[in-house]
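One-letter residues, chain by chain:
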Amino acid sequence: MKTFFKYAFLQNRWLWFHILAGGALAKISLQYLLARDAVAVVVALAIFWEIMESLRPDIEKIYGSYLRFFYDAVGDIVGAVAMALIVII
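Residues numbered from 1 in each chain as written. Predicted model: local features only at pLDDT ≥ 70, side-chain atom pairs only at ≥ 80, totals over all residues. Heavy atoms only, no water.

Engineer: Is there a simple way to explain the layout of surface pockets in this structure?
Structural biologist: One simple way to see leftover space: roll a probe sized like a water molecule over the atoms. Here the largest pocket defines a volume of roughly 380 Å³. Lining the largest pocket are 14 residues, and of these Arg 13, Trp 14, Ile 62, Tyr 63 and Asp 72 lie nearest its centre. Breaking the lining of the largest pocket down by element, the ones donating at least two residues are α2 (15-32), α3 (35-54), α4 (59-63) and α5 (66-88). At three residues, the largest contribution of residues to the lining of the largest pocket is made by α5. Residues belonging to the lining of the largest pocket are distributed by class as follows: six nonpolar, three polar and five charged. What the second largest pocket holds in volume is close to 200 Å³. In terms of lining, the second largest pocket is formed by Phe 17, His 18, Ala 21, Gly 22, Ala 24, Leu 25, Val 42, Leu 45, Ala 46, Trp 49 and Ala 80. Those elements that place two or more of their residues in the lining of the second largest pocket are α2 and α3. No other element matches the six residues that α2 contributes to the lining of the second largest pocket. For the lining of the second largest pocket, the residue count by class is nine nonpolar, two polar and no charged. (1 Å grid on protein atoms, 1.4 Å probe; cavity = no way out; pocket = protein on both sides within 12 Å on 5 of 7 lines; lining within 4 Å. Points joined across faces, edges and corners; volume = space filled by probe spheres on them. Helix = DSSP H or I, 4+ residues; strand = E, 2+ residues; numbered from the N terminus. Nonpolar A, V, L, I, M, F, W, Y, C, P; charged D, E, K, R; others polar.)

Engineer: Where do I start with a positive patch on the surface in this structure?
Structural biologist: A surface patch of positive charge is lined by Lys 2, Lys 6, Arg 13 and Arg 68. Looking at the secondary structure, you find Arg 13 in the loop between α1 (2-10) and α2. (Patch = residues over 30% accessible without salt bridge, like charges linked within 9 Å, V, L, I, M, F, W, Y side chains within 5 Å. Areas by Shrake-Rupley, 256 points an atom, 1.4 Å probe, with all protein chains shown as cover. Salt bridge = Lys/Arg side-chain N within 4 Å of Asp/Glu carboxyl O. Lys, Arg positive; Asp, Glu negative; His and termini not counted. Charge placed at Lys NZ, Arg CZ, Asp CG, Glu CD.)

Engineer: Can you help me understand the environment of Asp 58 in this one?
Structural biologist: Structurally, Asp 58 can be placed in the loop between α3 and α4. Taking C-alpha positions, Asp 58 is 22 Å from Lys 6, a pair spaced 52 residues apart along the chain.

Engineer: Any chance you could explain the nonpolar core here in plain terms?
Structural biologist: Nonpolar side chains in soluble globular proteins tend to end up buried together. Judged by nonpolar contacts, Ala 26, Val 42, Ala 46, Ala 80, Val 81 and Ala 84 together constitute the single largest core of six residues. Of all the secondary structure elements, the ones that give two or more residues to this core are α3 and α5. The dominant element in this core, judged by the number of residues it contributes, is α5, at three residues. Excluding anything up to four places from it in sequence, Ala 46 contacts Ile 77 and Ala 80. (Core = buried A, V, L, I, M, F, W, Y, C linked by side-chain atoms within 4.5 Å. Buried < 20%, exposed > 50% of the residue type's maximum accessible area, 1.4 Å probe, protein only. Contact = heavy atoms within 4.5 Å.)

Engineer: Before we go on, may I ask you to explain the environment of Lys 6 in this structure?
Structural biologist: In this structure, Lys 6 sits in helix α1. Between the C-alpha atoms of Lys 6 and Ala 80, which are 74 residues apart in sequence, the distance is 18 Å.

Printed below as a string of structure tokens:
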């Protein structure tokens, strides 16, 4: 659990960007969708983004291992969805 928290949040350099994007996307989505649908959009796009990133051929070079990438990706998704929920509530 300590390792997960370390790589998902503490050493995740791009977490702030995912939090910002999740909040902005939720705010924009609220203009056109219901609140629950806006959160669903953020969840779907965050997962899609991480899947697309996982297709890069240099994942092990960037992150050190696929496990560290998985931790980082989960942190990114959690951050984006948490901010979307904060914006909506």
